[in-house]
Amino acid sequence: MSALIAVICVAALVPDTAMAQQRPPAPARPAARQPLTVRAFGDLGINQFAAGDTFDATLGSSSGVFFGGGVEVVLPQQWFVNVRVSHFGKSGERVFVQDDEVFPLGIEMKVEMTPIEVSAGYRFRSGRRNLIPYLGGGIGWHKYTETSDFADAGENVKETFTGYHVLGGAEYRLGRMFALAGEAQWTTVPDALSGVSSAADAFGESNLGGFGIRVRFVVGR
């Protein structure tokens, strides 16, 4: 009698087991996308000017320190768009250049540059969760001024030029709301200094762009 009961129980279990083996597995849930985020950032870096001889003659250095900041929007698909404003300023001296020889004129001047740049790009997924490489590019408007205390109105310079840039870097997440990034950018501002700076004309340099590297501090996810 007990053997008969055992056979009946096994027979009852066989269909359920077979159906369980034939039932297709449940589809995997798609990975959750990161929501749209808005972040703020500040940065500090150094730029090697394309017009290196001109800036070296007038300011004593072919490079300059820029500081800036802005706002960035990161889309769920990992694309980003940001607006950045930066500034450079340094005092130097007006010069006269003849056959690549520089003659200081003893007239102090101040050079300032204030780029306003719009960039778009893509953030890549890497093997490390906290490390995010990215590439991008965009357009900028570069305000350039040369001023002297005792200069005539026509001797001071105040112009704005259009430039273009490409950039790349890697962001390292320090926590949920903070990140640190290293970034490099190449900028071209063609024909900006022609007729604006006599030193630039003498050296045959007209591009106001250059190559820069900077450290970026991010607040936001």
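For the structure given in this document, a descriptive report is provided here. Computed from a predicted structure; not experimentally measured.

Under the counting rule described, the total for this entry stands at three cavities of 30 Å³ or more. Quantified by volume, the largest cavity comes out at close to 210 Å³. Along its surface, the largest cavity is lined by 20 residues, and Asn47, Phe66, Gln185, Thr187 and Arg214 are the ones closest to its centre. Elements with a minimum of two residues in the lining of the largest cavity: strand E1 (37–49), strand E3 (79–98), strand E4 (101–123), strand E7 (178–188) and strand E8 (210–219). If you tally residues by element for the lining of the largest cavity, the top one is E1, at five residues. Its residues placed into classes, the lining of the largest cavity shows seven nonpolar, nine polar and four charged. By volume, the second largest cavity is sized at about 80 Å³. Considering the residues around the second largest cavity, the lining is formed by Phe41, Asp43, Asn82, Arg84, Glu117, Ser119, His165, Leu167, Glu183, Gln185, Arg214 and Arg216.

The subject of this paragraph is the pattern of salt bridges. Note on pairing: side chains with opposite charge can pair once their charged atoms come close. Per the counting criterion, the structure on display carries ten salt bridges. We note a salt bridge from Glu183 to Arg216, for which the minimum N-O separation is 3.6 Å. Taken together, the positions of Glu183 in strand E7 and Arg216 in strand E8 put the pair 33 residues apart, joining distant regions of the chain. For the residue pair Glu183 and Arg216, the accessibility class agrees, reading buried in each case. When salt bridges with common partners are traced through the structure, they connect Arg39, Glu72, Arg123, Glu171, Arg173, Glu183, Arg214 and Arg216 into a single cluster.

Conventions used here
Residues numbered from 1 in each chain as written. Predicted model: local features only at pLDDT ≥ 70, side-chain atom pairs only at ≥ 80, totals over all residues. Heavy atoms only, no water. 1 Å grid on protein atoms, 1.4 Å probe; cavity = no way out; pocket = protein on both sides within 12 Å on 5 of 7 lines; lining within 4 Å. Points joined across faces, edges and corners; volume = space filled by probe spheres on them. Helix = DSSP H or I, 4+ residues; strand = E, 2+ residues; numbered from the N terminus. Nonpolar A, V, L, I, M, F, W, Y, C, P; charged D, E, K, R; others polar. Salt bridge = Lys/Arg side-chain N within 4 Å of Asp/Glu carboxyl O. Buried < 20%, exposed > 50% of the residue type's maximum accessible area, 1.4 Å probe, protein only.

By themselves, these figures tell us nothing about what the structure is for.
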